[in-house]
Amino acid sequence: MPMGHTAEAEAGSGGLTATEHRLANGLRVVLSEDHLTPVAAVCLWYDVGSRHEVQGRTGLAHLFEHLMFQGSKQVSGNGHFELVQGAGGSLNGTTSFERTNYFETMPAHELELALWLEADRMGSLLTALDEESMENQRNVVKNERRQRYDNLPYGTAREKLFALMYPEGHPYHHTPIGSMADLDAATLEDARAFFRTYYAPNNAVLSVVGDIDPEQTLAWVEKYFGSIPAHEGKPVPRDGSLPDVLGGQHREIVEEEVPARALMAAYRLPADGPRACDAADLALTMLGGGESSRLYNRLVRRDRTAVDTGFGLLRLVGAPSLGLLQVVASGDVEVPVIEAAVDEELARFAEEGPSPEEMERAQAQLEREWLDRLGTVSGRADELCHYAVLFGDPTLAFTAVQRVLDVTAQEVQEVAKARLHAANRAVLVYEPTAPAGDGADGDDSSDSDSDPSDEEAGR
């Protein structure tokens with residue numbers, strides 16, 4: 001039985017708890033019992049994302065996520081998917097700036113299968129990784145880039161904004177999808193070196209949540225993961241720190257075949273962790289988080305200059321977070337008209353601060369989103385890994401709601417006044433190459449309930 005320590009915390013009336021253990025090879029294991037339904041979620045986070053990549057090899061973290069589904073020593077080809085789905089489970093993987101994760105939700109009696117599968121590819125993927133699988137998944141990822149970025153209206157907005165917000169050479173300057181040139185340049189040996197460096201038990205957190213027997217689960221984890229050797233050669237990620245504000249405004253006019261004019265913008269906000277980041281989340285929720293927000297009421301309902309608007313937070317730990325704004329214009333409305341109205345609303349919010357009703361509504365909205373995530377075994381497993389990998393303590397997931405509720409209106413106003421202004425943003429102005437029509441719904445990549453940096457295996 002593995003030796004470990006135990007940590008517990010409660011989340012509101014739900015009484016959620018988790019225990020943490022560590023194997024001799026460094027693998028951290030977080031368990032959370034939930035016997036409400038006969039299912040179990042397995043989530044494995046590796047502490048590697050696109051911020052760990054080097055120039056000339058962007059997209060390697062995401063490419064490798066795909067390679068992890070191409071077979072291992074005892075599971076050939078597409079067998080990982082076939083075995084999980086054949087047992088009544090679901091699975092996928094995603095890559096972001098700061099991590100790569102893999103997850104399965106299984107009938108509780110099939111938990112051992114999921115653990116064995118994850119351990120087999122962690123310990124033996126290199127025995128199955130060859131030129132054929134490398135070329136196959138390189139083409140899959142390149143096609144994904146074409147579909148989700150290059151050939152999608154406004155699809156490269158996110159990529160352009162990150163390039164404007166983070167300077168050349170910064171670890172967050174490029175998005176996880178990578179460039180076509182770098183994907184073409186990646187070699188089989190690049191992939192093998194990447195695996196040996198980052199896909200080690202001491203660079204991972206495994207969480208298991210649901211209808212589980214903790215003692216039996218730990219025994220299975222020790223059985224399947226315990227013999228996988230640790231690796232100590234991981235380089236320290238490059239420093240992502242930057243000044244609190246840009247100190248100016250970066251602008252780019254984008255002429256593309258899009259259905260309507262649009263304003264896209266990114267604001268530099270506090271890195272995740274301190275209360276200021278939660279205050280920023282509340283500010284963006286009040287300003288652009290849904291149809292009750294200030295920007296929606298002003299631009300869509302009152303002025304009718306836009307058909308859609310959204311303003312959400314991309315939380316980052318190793319660099320300043322981003323507030324991502326998107327407004328899709330209505331009819332022939334010019335973007336400067338929309339931008340002036342946005343600036344007016346941001347200035348009013350910074351000057352007046354939120355009303356008590358706005359605070360209550362925004363806090364309730366974020367509380368609901370958090371409880372929705374923690375209320376499912378898969379969502380809870382993901383958040384336990386999230387806080388273990390990026391903050392060192394998985395049980396911080398259970399206090400996230402209270403941290404949002406503790407933020408004051410003054411803190412919200414302060415972060416808005418300091419950060420939500422023209423001298424702290426990058427702006428994209430989209431102009432259609434054909435005459436603008438009646439407007440169209442955009443791809444709301446600024447949704448605060450999602451991580452716009454994620455790239456999925458897409459199976």
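Look up a bit, the structure's there.
Conventions adopted
- Residues numbered from 1 in each chain as written.
- Predicted model: local features only at pLDDT ≥ 70, side-chain atom pairs only at ≥ 80, totals over all residues.
- Heavy atoms only, no water.
- Helix = DSSP H or I, 4+ residues; strand = E, 2+ residues; numbered from the N terminus.
- Buried < 20%, exposed > 50% of the residue type's maximum accessible area, 1.4 Å probe, protein only.
- Contact = heavy atoms within 4.5 Å.
- Lys, Arg positive; Asp, Glu negative; His and termini not counted.
- Charge placed at Lys NZ, Arg CZ, Asp CG, Glu CD.
- Pairing = 2+ DSSP bridges.
- Axes fitted to C-alpha atoms, helices over the stretch in contact; angles between N-to-C directions.
- Salt bridge = Lys/Arg side-chain N within 4 Å of Asp/Glu carboxyl O.

**Q** When you look at the overall build of the protein chain in this model, what are you seeing that I'm missing?
**A** From N to C terminus, the protein chain includes 15 helices and 12 strands. Projected onto its principal axes, the C-alpha coordinates of the protein chain cover approximately 65 × 50 × 40 Å. Within the protein chain, the proportion of its 459 residues that are buried is 57%. Sequence-distant contacts in the protein chain: of pairs separated by 6 or more residues, those separated by 24 or more amount to 80%. Of the charged side chains in the protein chain, 39 are positive and 75 negative; the average position of the first set lies 3 Å away from that of the second.

**Q** How should the side chain of Arg-28 be read in this particular structure?
**A** Mapped onto the elements of the fold, Arg-28 is located in strand S2 (residues 28-33). The class of Arg-28 is buried, set by a relative accessible area of 13%. Once you skip the residues sitting within four places of it in the chain, Arg-28 turns out to touch Glu-20, His-21, Arg-22, Ala-204, Val-205, Leu-206, Ala-388, Gly-392, Asp-393 and Pro-394.

**Q** Explain the environment of Leu-287 to me, please; I cannot follow it from the model alone.
**A** Here Leu-287 shows up in helix H9 (residues 275-288). On the accessibility criterion, Leu-287 (0% relative accessible area) is buried. As a C-alpha pair, Leu-287 and Leu-183 span 104 residues in sequence and 38 Å in three-dimensional space. Beyond its immediate sequence surroundings of up to four residues, Leu-287 is in contact with Ser-293, Arg-294, Leu-295, Tyr-296, Phe-311, Glu-345, Leu-346, Phe-349 and Leu-420.

**Q** Is there a simple way to think about the sheet that holds strand S7 (residues 248-256) in this case?
**A** Within a beta sheet, neighbouring strands are joined by backbone hydrogen bonds and run either parallel or antiparallel to one another. Reading across the sheet, the 5 strands line up as S7-S11-S8-S10-S9 and stay open at both edges, with mixed pairing between neighbours. Of all strands in the sheet, those with a lone pairing partner are S7 and strand S9 (306-314), marking the two edges. Averaged over all adjacent pairs, the angle separating strand axes in this sheet is 10°, with direction ignored. In the sheet, S7 pairs with strand S11 (residues 424-432) via 9 bridges, with the strands oriented parallel. From the neighbouring strand, Glu-255 faces S11, where its bridge partner is Glu-431. Relative to the sheet, helix H5 (residues 157-165) contacts S7, strand S8 (262-269), S9, strand S10 (321-329) and S11, its axis offset from that of S11 by approximately 145°.

**Q** I keep staring at the pattern of salt bridges and nothing clicks. Help me out?
**A** Once their charged atoms are close, side chains differing in charge can pair, the charge on each being opposite to the other. This model, assessed by the stated rule, comprises 32 salt bridges. Across the salt bridge formed by Glu-20 and Arg-28, the nearest N and O atoms sit 2.7 Å from each other. Considered together, Glu-20 and Arg-28 belong to a single accessibility category, that of buried residues. The partner of Glu-344 in a salt bridge is Arg-348, with the nearest N and O atoms 3.2 Å apart. In this pair, Glu-344 and Arg-348 both sit in helix H11 (residues 335-352), 4 residues apart, roughly one turn of the helix. Accessibility expressed as a relative area gives 36% for Glu-344, which makes it partly exposed.

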